[in-house]
Amino acid sequence: MEVIAQGHWRRVDFISDLHLHPGEPDTHTAWARYMQKTNTDALFILGDLFEVWVGDDLLDNPLGFESECVRIIRETAMRLPVYYMVGNRDFLMGMRFADESHSIPLADPATLDFFGNRIVLSHGDAWCLDDVAYQSFRTTVRSQEWQSAFLAKPLPERLDIARHIRSQSEAKKPLGSYADVDIASAEAALSAAKARTLIHGHTHLPATHGLPSGAERWVLSDWHIKPPHTPRLEVLRLQNQAAKGDFSLSRLHPELCDTGLN
Ligand code: LP5
Ligand code: MN
């Protein structure tokens, strides 16, 4: 899947792994403020916007947390295109989410053509091949049969199962089993897309890496604001440079995305 930058785009923002949920109100507030204020020309959300998404019927409750988030996206989408990809926490976001939020679903991976600069976008989890247990889990839960059976369960039961899987997932983290993306897979995706830049999230290890081919891999930060922990939050901003055809990527605090100075 390919997105071609519109002629007027000068800035494009990328965010991922916000893991929005009612238990982290400060993260939600920072995100809502960013959505209202950003002066970007397009926004790409590369997965795990939500902590968990157990089905679009979460939106049946107009006063619910998820409906509030959808309203915020819809307001932003009135000013600029909002694209999103699902992650490993919110892969059950369906067409109702897209319709009600007025946002545009992306396949994973997708390619952005930014005035001839081709950039591969992914959540990143599909390339964490060393995490064999996760890949097997992923194959199961991404199948149509599994999803139909899961979505047929009552909402409270789905929320319970999601809570259970989340706590299992957190419990294994101290064991250091958080795998990184497989470099050969990343290079293959870049080569297939004729791209020299890759942007992904998921690993919560924000950094910029050179790849063996000379291409670059930009890893997005997750967002987490919960005192007393040190806050983490970052927007990756792509900008047109004065020299035609050139571009830059920079990591910004979300509050710096509304100054008009960037
Ligand atoms: O998310 P994070 O960062 O903690 O870790 C991920 C992988 N974990 C997950 C699980 C998510 O955290 C929670 C998913 C919520 C989805 C809600 C909707 C559907 C819920 C239904 C689920 C049955 O993605 C983690 C990776 C890590 O990234 C790094 O890449 O290691 O992987 C896991 O923890 C998965 C385990 O390794 C395998 C778990 C097998 C459990 C099988 C139980 C099946 C029960 C089916 C019940 C119907
Ligand atoms: Mn993820």
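Preceding this paragraph is the structure being described.
Here the structure is a predicted model, which is why all the values come from computation and not from measurement. (Residues numbered from 1 in each chain as written. Chains lettered and ligands numbered in written order. Predicted model: local features only at pLDDT ≥ 70, side-chain atom pairs only at ≥ 80, totals over all residues. Heavy atoms only, no water.)

1. A look at the pattern of salt bridges
The condition that has to hold: The salt bridge criterion pairs a side-chain nitrogen of Lys or Arg with a carboxyl oxygen of Asp or Glu, the two atoms within 4 Å. Secondary structure elements follow DSSP: runs of H or I no shorter than four residues count as helices, runs of E no shorter than two count as strands, and numbering proceeds from the N terminus. Exposed residues in this analysis have more than 50% of their type's maximum accessible area, buried residues have under 20%, and partly exposed residues fall in between, with area computed by a 1.4 Å probe over protein chains only.
In this structure the tally under the stated criterion is 19 salt bridges. In this structure, the salt-bridge partner of Asp125 is Arg138, at a minimum N-O distance of 2.8 Å. Linking Asp125 in the loop between β7 (117-122) and α4 (132-141) with Arg138 in helix α4, this pair joins segments that are 13 residues apart in sequence. A relative accessible area of 0% places Asp125 in the buried class. The shortest N-O distance in the salt bridge between Arg163 and Asp160 comes to 2.9 Å. Here the residue Arg163 and the residue Asp160 both occupy positions in helix α6 (residues 155-171), the gap between them amounting to three residues, near one helical turn. A relative accessible area of 53% places Arg163 in the exposed class.

2. Quick notes on the packing of aromatic side chains
So the rule is basically this: Here is the rule: rings of Phe, Tyr and Trp (six-membered ring for Trp) pair when centre to centre is within 6.5 Å. Planes less than 30 degrees apart are stacked, more than 60 are edge-to-face, and the remainder are tilted.
Under the definition given, this model contains 12 aromatic pairs. Taken together, a centroid distance of 6.3 Å and an interplanar angle of 70° make the contact between Tyr34 and Trp223 edge-to-face. Of this pair, Tyr34 sits in helix α1 (residues 25-37) while Trp223 sits in the loop between β10 (216-219) and β11 (235-240), placing them 189 residues apart in sequence. Given a relative accessible area of 2%, Tyr34 falls into the buried group. With 5.0 Å between their ring centres and 80° between their planes, Tyr84 and Phe97 make a pair best called edge-to-face. Residue Tyr84 is located in strand β4 (residues 82-85), and its partner Phe97 is located in helix α3 (residues 95-101); the two are separated by 13 residues in the primary sequence.

3. Let's talk about the coordination of the manganese ion (ligand 2)
Selection criterion: With water excluded from the atoms, a metal site may look incomplete; its donors are any N, O or S atoms within 2.8 Å, or within 3.2 Å for Na, K and Ca.
Ligation of the manganese ion (ligand 2) by protein atoms is provided by Asp48 (OD), Asn88 (OD1), His123 (NE2) and His202 (ND1), these donors lying 2.1 to 2.3 Å from the ion. Spacing between the donor residues of the manganese ion (ligand 2) along their common chain follows D-x39-N-x34-H-x78-H. Here His123, found in the loop between β7 and α4, pairs with His202, found in the loop between β8 (197-200) and β9 (207-210); they are 79 residues apart in sequence, far enough to count as distant. Here the two residues His123 and His202 agree in accessibility, since each one is buried.

4. Remarks on the layout of surface pockets
We apply this condition: Buried and open spaces are told apart on a 1 Å grid over the protein atoms alone, a cavity being a set of points where a 1.4 Å probe fits but cannot get out and a pocket being an open set with protein on both sides within 12 Å along at least five of seven lines. Residues with an atom within 4 Å of a point are the lining residues. Grid points are joined across faces, edges and corners, and a volume is the space filled by probe spheres set on the points. Only Asp, Glu, Lys and Arg are considered charged, only Ala, Val, Leu, Ile, Met, Phe, Trp, Tyr, Cys and Pro nonpolar, and every remaining residue, Gly among them, polar.
The space that makes up the largest pocket amounts to roughly 690 Å³. Along its surface, the largest pocket is lined by 28 residues, and Asn88, Tyr134, Phe137, Ile165 and Ser169 are the ones closest to its centre. Elements that contribute at least two residues to the lining of the largest pocket include exactly α4, α5 (144-151) and α6. The element best represented in the lining of the largest pocket is α6, accounting for six residues. Split into classes, the residues belonging to the lining of the largest pocket amount to 17 nonpolar, five polar and six charged. In this model, the second largest pocket occupies a volume close to 230 Å³. Together, Leu20, His21, Pro22, Glu51, Val52, Leu58, Phe65, Glu66, Leu159, Ala162, Arg163 and Arg166 line the second largest pocket. Those elements that provide at least two residues to the lining of the second largest pocket are α2 (65-77) and α6. In terms of residue count, the dominant contributor to the lining of the second largest pocket is α6 (four residues).

5. What to know about the nonpolar core
Across soluble globular proteins, nonpolar side chains have a tendency to be buried as a group. Short version of the rule: To define a nonpolar core, start from buried Ala, Val, Leu, Ile, Met, Phe, Trp, Tyr and Cys residues and group those joined through side-chain atoms within 4.5 Å.
Formed by 38 residues in total, the largest nonpolar core has its most connected members in Ile15, Trp31 and Trp223. One finds Val12, Leu46, Leu121 and Ile199 within the second-largest nonpolar core, a separate group that totals 22 residues.

6. A few points about α4
The test is simple: To obtain the arc, one takes the directions from the helix axis to the C-beta atoms. Whether two residues are in contact is decided by their heavy atoms, any of which lying within 4.5 Å being enough.
Buried residues of α4: Tyr134, Gln135, Arg138 and Val141, and no others. Across the axial projection of α4, the buried residues extend over an arc of 135°, all falling on one side. Among the exposed residues of α4, those pointing more than 90 degrees away from its buried face are Val132, Ala133 and Thr139. Residues of α4 that are buried make contact with α5.

Everything listed is a geometric property; what it means functionally is a separate question.
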